[in-house]
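What follows is each chain in one-letter form.
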Amino acid sequence: MTQAISGYFIRLFIGGFAVFCVMAVVGKGGVSEAVRLCCACFMIILILTPGISAGDILSQLSTESENARLQLEDRVSEGTRAAYDEINRAAEEYVSGLIFTGEKVGEVKLKYETDDKGGYVPVSAKVSGQNLDRENVKKTLTDATGISEENIIFEG
């Protein structure tokens, strides 16, 4: 509060000094009346408008920079998620190509998480299809993705 009041008085002091300098330069004559009117209006505006202190400006800049940082982090997170979803789709297609050869038909859905460093880690798989050699499918999935056998679920 005291900072705002001191900022207000400093602004009035600087404005008054500027008006004094302008009035001294203009001197007397026909133009001086118009300049005096402008200076009076300027001082009235300074008196009636609340001042913005340097602390307020820094606070606003800090808030805006924090908002920009949060937005940037959100955009990076969204982009990372989209990239990992694309990687996951490609991994599902690759693993499906390994498992469903010949006349075998089915689908593999992988679930993934991110590790501590933000890397893609497949954690579980759901396999749907008929007449599958489950042991062979488990071995193929484990070798291709690193998913443990207990995290491989068969449907259908």
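In this convention, every chain numbers its residues from 1, walking through the sequence in written order. Given that this is a predicted model, residues contribute local features only at a pLDDT of at least 70 and side-chain atom pairs are listed and counted only at 80 or more, while totals for whole chains, interfaces and linings are drawn from all residues. Computation of side-chain values: all heavy atoms of the structure, hydrogens and water removed.

## Quick notes on the overall build of the protein chain
Alright, step 1. Secondary structure is summarised from DSSP: a helix means a run of H or I of at least four residues, a strand means a run of E of at least two, and numbering begins at the N terminus for each. For the protein chain, the count of helices and strands is four helices and three strands.
Alright, step 2. Secondary structure elements in the protein chain, listed N-terminal to C-terminal, are α-α-α-β-β-α-β.
Alright, step 3. This radius of gyration counts C-alpha atoms alone. The globule rule is 2.2 Å times how many residues there are, raised to the power 0.38. At 36 Å, the protein chain has a C-alpha radius of gyration far larger than the 15 Å of a compact globule built from 156 residues.
Alright, step 4. Principal-axis analysis of the C-alpha atoms gives the protein chain an extent of 105 × 35 × 25 Å.
Alright, step 5. Counting over 156 residues, the protein chain shows a buried share of 22%.
Alright, step 6. Nonlocal contacts in the protein chain, meaning residues at least 24 apart in sequence, comprise 50% of its contacts between residues at least 6 apart.
Alright, step 7. Summed over its atoms, the accessible surface of the protein chain is roughly 11,300 Å², and 60% of this surface lies on carbon and sulfur atoms.
Alright, step 8. Computed over 15 positive and 22 negative side-chain charges, the inter-centroid distance for the protein chain is 8 Å. Summary of the burial criterion: residues with accessible area below 20% of their type's maximum are buried, those above 50% are exposed, and those between are partly exposed, where the area comes from a 1.4 Å probe applied to protein chains only. Should any heavy atoms of two residues lie within 4.5 Å, those residues are considered in contact. Per-residue and other accessible areas follow the Shrake-Rupley method at a 1.4 Å probe size, with only the shown protein chains counted as cover for residues. His is not counted here, nor are the chain ends, while Lys and Arg score as positive and Asp and Glu score as negative. Every charge is mapped onto a representative atom, which is NZ of Lys, CZ of Arg, CG of Asp or CD of Glu.

## Some words on the sheet that holds strand β3 (residues 152-155)
Alright, step 1. At least two DSSP bridges between two strands are required for those strands to pair. Read from one edge to the other, the open sheet built from three strands follows the order β1-β2-β3, with strand pairing classed as mixed. Either end of the sheet is taken by a strand with one partner, and the two such strands are β1 (106-114) and β3. Across the sheet, the mean angle from the axis of one strand to that of its neighbour is 20°, orientation sign disregarded.
Alright, step 2. Here four bridges tie strand β2 (residues 120-129) to β3, and the two strands are oriented parallel to one another. Throughout, an axis means a line fitted to C-alpha atoms (over the contacting stretch in the case of helices), and angles, computed between N-to-C directions, take values from 0 to 180 degrees.

## With respect to the environment of Val 22
Alright, step 1. Positionally, Val 22 belongs in helix α1 (residues 2-26).
Alright, step 2. Taking the C-alpha atoms as reference, Val 22 lies 8.1 Å from Val 35; in sequence the two are 13 residues apart.
Alright, step 3. Contacts of Val 22, omitting those with residues within four sequence positions, involve Val 35 and Cys 39.

## Here's the deal with the packing of aromatic side chains
Alright, step 1. Think of it this way: a Phe, Tyr or Trp ring, Trp meaning its six-membered ring, pairs with another when their centres are within 6.5 Å, and the plane angle makes it stacked under 30 degrees, edge-to-face over 60, tilted otherwise. For the coordinates displayed, the defined rule picks out three aromatic pairs.
Alright, step 2. Taking 6.2 Å as the distance between ring centres and 75° as the angle between the ring planes, the aromatic pair formed by Tyr 84 and Tyr 112 counts as edge-to-face. Placement of the pair is Tyr 84 in helix α3 (residues 54-99) and Tyr 112 in strand β1, with a sequence separation of 28 residues.
Alright, step 3. For Tyr 84, a relative accessible area of 14% corresponds to the buried category.
Alright, step 4. Put simply, the rings of Tyr 84, Tyr 112 and Tyr 120 pair up and form one aromatic cluster.

## A word on the pairing of β1
Alright, step 1. Relative to β2, β1 is paired through nine bridges, and the arrangement is antiparallel. When the bridges of β2 are listed, Leu 110 appears paired with Ala 125.
Alright, step 2. Here β1 hands over to β2 after five residues, with Gly 118 in that stretch at a positive phi of 85°.

## As for helix α2 (residues 30-48)
Side chains of residues three or four places apart in an α-helix project in the same direction, reflecting 3.6 residues per turn.
Alright, step 1. By definition here, a helix of n residues has an expected span of 1.5 Å times n minus one. With 19 residues, α2 extends 28 Å from end C-alpha to end C-alpha; this agrees with the ideal 27 Å at 1.5 Å per step.
Alright, step 2. Within α2, the full set of buried residues consists of Ser 32, Val 35, Cys 39, Met 43 and Leu 46. The buried residues of α2 occupy an angular sector of 75° when the element is viewed end-on, so they sit on one face. For α2, the exposed residues set more than 90 degrees away from the buried face come down to Gly 30, Leu 37, Cys 38, Ile 45 and Leu 48. Here the arc refers to the set of directions running from the helix axis out to each C-beta atom.

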